Amino acid sequence: MSTHNLFMTQTRHDNQGILNLGTNCYLCSQLDFLPFSCEFCNHVFCSRHRNIDVHNCVGRPQRQRQTSPTSSDDTTPVAALFPDKDVRRAQLDSSLRPAKPVSISASVSSNPFNKLTRFLHAERMRRKSRKPSAASELVQLKKVARGPQTVAQSDRVHLWALYVSGEDLAEVDSAAMRRGVWVSKNWSAGRCLDTLADLLGVANRNNATQQPDDRLSLFVVRDGTPELLKPAAKLNLPQGSTVYLVRGPVS
């Protein structure tokens, strides 16, 4: 028998006559000779609706929620009262470690001066403490240089040429990216720029566009400062110099 049926009591009718036997169910109005009275809602039901779940008793008792007792144990472990030597040593080592150098952003400006300045700064950060001598550099340059065969040997100026795109400057290795070339000492900087663009495989649209962002410029570095070589000016560079092709508007 369901536990809900324990709350149902059978209604007794001792004083009813033969024609007044039984009671109608509160829910279905069926005449029941042995009705049951619900002690929670005080209504009378037939045997089919006597269960408090079946007749959806409005006076059913609310079941108490069982709450698990919370632990009041707030004891701090003994080990937590003493510092961890390994953790403390790691924190001390971290505080004494030198800070990492800040890398230079590659997208600050499209200005050629800014591009080349940032490139030179990144190059100084990578530069080794010992550099090869100028004489050995020139010997190596003449071994790998290439240029127009129409330029006489006596007129050749051997240069290191490098295209600075302005992207990922911190990752550019000038020693690996530069190319050995020769040009004529009698040329203007503009003609030298055109020849270098061909030798380096750099798109040169200077004669086909007026858009400053697409134009190439030729630079040389003197005393650590970029210097623009004007197209009409004579090249006038010593052997072994490094020149830079940079794209962008020159302000």
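The shown structure was predicted, so the numbers you read here are calculated from the model rather than taken from an experiment. (Residues numbered from 1 in each chain as written. Predicted model: local features only at pLDDT ≥ 70, side-chain atom pairs only at ≥ 80, totals over all residues. Heavy atoms only, no water.)

A. Representation of the overall build of the protein within the structure. A tally of regular secondary structure across the protein gives five helices and ten strands. Expressed as a percentage of the 251 residues in the protein, the buried residues total 31%. For the protein, restricting intrachain contacts to residue pairs at least 6 apart in sequence, the fraction spanning at least 24 positions comes to 61%. Here the protein displays about 17700 Å² of accessible surface, and carbon together with sulfur accounts for 50% of that area. (Helix = DSSP H or I, 4+ residues; strand = E, 2+ residues; numbered from the N terminus. Buried < 20%, exposed > 50% of the residue type's maximum accessible area, 1.4 Å probe, protein only. Contact = heavy atoms within 4.5 Å. Areas by Shrake-Rupley, 256 points an atom, 1.4 Å probe, with all protein chains shown as cover.)

B. Just the environment of Val 144, in detail. You can see Val 144 is positioned in helix 3 (residues 134-144). Note on Val 144: relative accessible area 42%, which makes it partly exposed. In the structure, Val 144 is positioned 35 residues away from Arg 179 in sequence and 8.0 Å away in space, judged by C-alpha atoms.

C. Inspection of the packing of aromatic side chains at higher detail. This structure, assessed with the given rule, holds one aromatic pair. Taken together, a centroid distance of 6.0 Å and an interplanar angle of 85° make the contact between Tyr 26 and Phe 45 edge-to-face. Of the two residues, Tyr 26 is situated in the loop between strand 2 (23-24) and strand 3 (31-32) and Phe 45 in strand 5 (residues 44-45); the sequence distance between them amounts to 19 residues. Judged by relative accessible area, Phe 45 falls into the buried class, the value being 2%. Directly above the aromatic system of Trp 182 lies the positively charged group of Arg 156, at a separation of 3.9 Å from the ring centroid. (Phe/Tyr/Trp six-rings, centres within 6.5 Å; stacked < 30°, edge-to-face > 60°. Lys NZ or Arg CZ within 6 Å of the ring centre and 35° of its normal.)

D. Highlighting the nonpolar core. Ranked by size, the top nonpolar core spans 26 residues in total, and within it Leu 159, Val 183, Leu 196 and Leu 218 carry the most contacts. Only strand 6 (156-164), strand 7 (179-184), helix 5 (189-200), strand 8 (216-222) and strand 10 (241-247) provide two or more residues apiece to this core. Looking at this core element by element, the count peaks at six residues for helix 5. When residues no more than four places from it in sequence are discounted, the contact partners of Leu 218 are Ala 189, Cys 192, Leu 193, Leu 196, Glu 227, Leu 228, Leu 229, Val 243, Tyr 244 and Leu 245. Counting residues in each nonpolar core, the second largest holds eight residues, with Phe 119, Leu 120, Val 164 and Phe 219 among its members. (Core = buried A, V, L, I, M, F, W, Y, C linked by side-chain atoms within 4.5 Å.)

E. Region of interest: the pattern of salt bridges. Inspection of every chain in the model, using the stated rule, returns three salt bridges. A salt bridge links Arg 178 to Glu 137; the shortest N-O distance between them is 3.2 Å. Of this pair, Arg 178 sits in the loop between helix 4 (174-177) and strand 7 while Glu 137 is found in helix 3, placing the two residues 41 residues apart along the sequence. As a salt-bridge pair, Asp 214 and Arg 205 come within 3.9 Å of each other at their nearest N and O atoms. (Salt bridge = Lys/Arg side-chain N within 4 Å of Asp/Glu carboxyl O.)

F. Representation of the confidence of the model for the protein within the structure. Mean pLDDT over the protein: 75, with 67% of residues reaching 70 or higher. Confidence drops under pLDDT 50 across residues 63-73; counting only partners more than four residues distant or on other chains, this segment forms one contact. Note that residues 101-108 has pLDDT below 50 and, in this model, twelve contacts with residues that lie over four places away or in other chains. (pLDDT = per-residue confidence, 0-100.)

G. Fine view of the sheet that holds strand 10. Taking strand neighbours across the sheet as the criterion, the five strands line up as 7-6-10-8-9 in an open arrangement whose pairing is mixed. Two strands in the sheet have a free side with no partner beyond their single neighbour: strand 7 and strand 9 (225-228). The average angle at which neighbouring strand axes cross in this sheet is 40°, direction not considered. As paired elements, strand 8 and strand 10 share five bridges and run antiparallel to each other. Paired with Val 220 across the bridge in strand 10 is Val 243. Packing of helix 3 onto the sheet brings it into contact with strand 6 and strand 7, and relative to strand 6 it is tilted by some 85°. Where helix 5 meets the sheet, its contacts fall on strand 6, strand 7, strand 8 and strand 10, and the angle it forms with strand 8 comes to roughly 105°. (Pairing = 2+ DSSP bridges. Axes fitted to C-alpha atoms, helices over the stretch in contact; angles between N-to-C directions.)

H. Structural view of unusual backbone geometry. Even without glycine at this site, Asn 42 takes up a positive phi of about 65°. Among the structural elements, Asn 42 can be located in the loop between strand 4 (36-38) and strand 5. Despite not being glycine, Asp 223 shows a phi value in the positive range, around 55°. Locating Asp 223 in the fold gives a position in the loop between strand 8 and strand 9.

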